[in-house]
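Architecture at a glance
These are the residues of each chain, in order.
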Amino acid sequence: MGLLPGGVPDGHGDDARLASQRLDAEVIVYFADTEDGLYQLRQWYGTLEALDARRRIVVVTADSRTAAAIRAETTFEVVTVARYATLDGLLSRSAVRLVLYVNHNPENFSMLRFASVVHVSLLHGDSDKVVSVSNQAKAYDFSFVAGRAAVDRMARYLPLFDAEQRCVVVGRPQLDEALTLLAGGRPPSAGARRTVLYAPTWEGAQPSAAYGSVDGLGESIVSGLLAEPSLRVVYRPHPLTGVRLASYGAADAAIRHRIQTAQEAEPAAGHRVSVSGDIMADMAEADLLVCDVSAVAMDWLVTDRPLVVTTPSSREVVTASTPLLEETPRIDATSVRDVATLVLRELEADPHGPARRRLAEYYLGDLRPGVAAQTFLEACDAAIEAHARASHGVS
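Right, let's walk through the structure included here. Nothing here was measured: the structure is a model prediction, and the numbers come from that model.

**Re the packing of aromatic side chains**
Here the structure, examined in full by the defined rule, presents seven aromatic pairs. Between Trp 44 and Phe 376, the aromatic rings sit 5.6 Å apart at their centres with planes inclined by 35°, giving tilted as the arrangement. Here the residue Trp 44 occupies a position in the loop between helix 2 (38-42) and helix 3 (45-54), and Phe 376 occupies one in helix 17 (residues 371-391), the gap between them amounting to 332 residues. Taken individually, Trp 44 and Phe 376 each receive the classification buried, so the pair is uniform in this respect. Here the aromatic residues Tyr 30, Tyr 101 and Tyr 140 are joined through ring pairs into a cluster of three or more. Directly above the aromatic system of Tyr 84 lies the positively charged group of Arg 113, at a separation of 3.8 Å from the ring centroid.

**Topic: the nonpolar core**
Core analysis: the largest hydrophobic core is formed by 33 residues, its most contacted members being Leu 289, Leu 307, Leu 324 and Tyr 363. Filtering out sequence-adjacent residues up to four positions away, Leu 324 remains in contact with Ala 297, Met 298, Leu 301, Leu 307, Leu 359 and Tyr 363. The next biggest cluster of nonpolar side chains, apart from the first, holds 31 residues, and it includes Leu 48, Val 59, Val 102 and Ala 383.

**Let's talk about the environment of Asp 141**
Looking at the secondary structure, you find Asp 141 in the loop between strand 5 (118-121) and strand 6 (142-145). Taking the C-alpha atoms as reference points, Asp 141 and Ala 85, 56 residues apart in sequence, are found 23 Å from one another. In this structure the side chain of Asp 141 is engaged in a polar contact, spanning 2.7 Å, whose partner is the backbone nitrogen of His 119.

**Focus on unusual backbone geometry**
Even without a glycine there, the phi angle at Asp 304 is positive, about 60°. With respect to the element layout, Asp 304 can be found in the loop between helix 13 (295-300) and strand 12 (307-310). Exposure remark for Asp 304: the relative accessible area of 38% places this residue in the partly exposed category. Located in the positive-phi region is Asp 350, a residue other than glycine, with phi close to 45°. Relative to the elements of secondary structure, Asp 350 occurs in the loop between helix 15 (339-349) and helix 16 (353-364). Residue Asp 350 is classed as buried on the basis of its relative accessible area, which comes to 16%.

**A word on the side chain of Ser 274**
Topologically, Ser 274 is positioned in the loop between strand 10 (272-273) and helix 12 (279-285). Within the local environment of Ser 274, its side chain forms a polar contact with the side chain of Asp 282, the two groups lying 2.6 Å apart. Every residue in contact with Ser 274, bar those within four places of it in the chain, is listed here: Val 234, Tyr 235, Arg 236, Pro 237 and Asp 282.

**So, the pattern of salt bridges**
Going through the model one piece at a time under the given rule, you end up with 29 salt bridges. Note that Arg 97 is salt-bridged to Glu 26, the shortest N-O span being 3.5 Å. Separated by 71 residues along the polypeptide, Arg 97 in the loop between helix 5 (84-93) and strand 4 (98-101) and Glu 26 in the loop between helix 1 (15-18) and strand 1 (27-31) bring together distant segments of the chain. A salt bridge links Arg 272 to Asp 282, with the shortest nitrogen-to-oxygen separation between them at 2.9 Å. Pair noted here: Arg 272 is in strand 10 and Asp 282 is in helix 12, with a separation of 10 residues, a long-range link. Note on Arg 272: relative accessible area 26%, which makes it partly exposed. For Asp 282, a relative accessible area of 6% gives the class buried. What you see here is one network of salt bridges that share partners, running through Glu 26, Arg 54, Arg 55, Arg 97 and Asp 381.

**Describing the pairing of strand 3 (residues 77-80)**
Judged from the four bridges that link them, strand 2 (residues 57-61) and strand 3 form a sheet pairing that is parallel. When the bridges of strand 3 are listed, Val 59 appears paired with Val 78. As a crossover connection, the stretch from strand 2 through helix 4 (residues 64-73) into strand 3 is right-handed.

**Overview of the sheet that holds strand 1**
Strand order in the open sheet formed by seven strands is 3-2-1-4-5-6-7, with parallel pairing between adjacent strands. Each edge of the open sheet carries a strand with a single partner, namely strand 3 and strand 7 (167-169). Going across the sheet, the axis of each strand differs from the next one's by a mean of 25°, ignoring polarity. Bridge analysis of strand 5 against strand 6 gives two bridges, and the strand direction is parallel. When the sheet's bridge partners are listed, Ser 121 is paired in strand 6 with Ser 143. Across the sheet, helix 17 is in contact with strand 4, strand 5, strand 6 and strand 7; its angle to strand 6 comes to roughly 170°.

Reading the values: the criteria
- All chains use their own residue numbering, which begins from 1 and follows the written sequence.
- Totals for whole chains, interfaces and linings use all residues, but because this is a predicted model, local features are given only for residues with pLDDT of at least 70 and pairs of side-chain atoms are given and counted only at 80 or more.
- As a convention, hydrogens and water are excluded, and side-chain values are obtained from all of the structure's heavy atoms.
- Whether two aromatic rings pair depends on their centres lying within 6.5 Å, for rings of Phe, Tyr and Trp, where Trp uses its six-membered ring; planes under 30 degrees apart make the pair stacked, over 60 edge-to-face, and the rest tilted.
- Strands here are runs of E lasting at least two residues and helices are runs of H or I lasting at least four, both read from the DSSP assignment and numbered beginning at the N terminus.
- We call a residue buried when its accessible area falls under 20% of the maximum for its residue type, exposed when it is over 50%, and partly exposed in between, using a 1.4 Å probe and counting protein chains only.
- Here, a charge over a ring means that NZ of Lys or CZ of Arg falls within 6 Å of the ring centre while also lying within 35 degrees of the ring normal.
- What makes a nonpolar core is a set of buried Ala, Val, Leu, Ile, Met, Phe, Trp, Tyr and Cys residues whose side-chain atoms join them at distances within 4.5 Å.
- Contacts are residue-level and defined by heavy atoms, with any inter-residue pair within 4.5 Å sufficient.
- Here a polar contact is recorded for every N or O atom pair within 3.5 Å, except that within protein the pair must consist of a potential hydrogen donor and a potential acceptor, and residues adjacent in sequence are included only if both atoms are side-chain atoms.
- What makes a salt bridge here is a side-chain nitrogen of Lys or Arg within 4 Å of a carboxyl oxygen of Asp or Glu, nothing more.
- Pairs of strands are assigned from DSSP output, requiring at least two bridges between the strands.
- Classification remark: right-handed applies to a crossover when, strands pointing away from the viewer, the course from the first strand over the helix to the second runs clockwise.
- Interaxial angle, 0 to 180 degrees, is taken between N-to-C directions of lines fitted to C-alpha atoms, where a helix line uses only the stretch in contact.

Listed below in structure tokens is the structure:
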């Protein structure tokens, strides 16, 4: 009946069909997550399509439902491998030279064991979360990162890791669409209201990564913003909100209810909950972002608009601090009661604007449209060539 715990691959692989086949591709994108994690891969679709035109790609999944979703959304060849041994035959028969990963799923080690290919970590955004400096980064031959900030972060927090040699700055190709949206100017807010986007992260997979503000600060943030008549609130919850902790799901429902109630009371206000489409579209229409420690904060820098970041409430949370968090106003359990005052001040004066602008390239790399996409393609070529040189003469 398909009754499996959330996050568990279904085991329905193409192994029998793949037993004697070869992969007609130079690049594997390895994605072992279930559908819940597809947001991590989706943001790379456009960039990977460009790579597919250059060096054919096959997406290897561990879950047939995930594979079906990717096939429906892209033109990539997708196969599902359920048995560990199947990969041995596929790699030995095929001319695959590069494997890309968009997360640190433990199942990545099923593929990482092969020395015949070069392994590159892409992740799904740059942030000061502990995952950005996970010791798992050492498992990959290279980490493609957005900007210099990631290199400095890894050099500081990962002992015995040569960040200068193993990190390759490629920028954020995904931001090309955002740059296009922003080039058209900001759409007018509802009436005279200015738009605040509240885009918190999820509860995290473990206590050290509990950066989410939904359960704790979320209702207070939204209530404070809704009480200010000059503001319009757009709430964009993380796709995994409430997956691990029921309290987050309940808090998310309460926030949605508050926004719905406020919108019904004043339809012209334009308050709404955003749960579909690209978050870049929400960013393009917002005047200010309130978010948690996450990649959303970094990507927002491309807008050149005010930013407010929450402070995690748990002492167990590990944050790899870099200059952005030092230069950005923060909200915690004490200051949240004055969230509307803080937001209005940032909208009016933007006192942190100069520092934020200085940091944009540091975090995101070259922001000229198209440059990051080309840099990424060239970095893939260079990684393949580096592996070939290092493998020469090795039997």
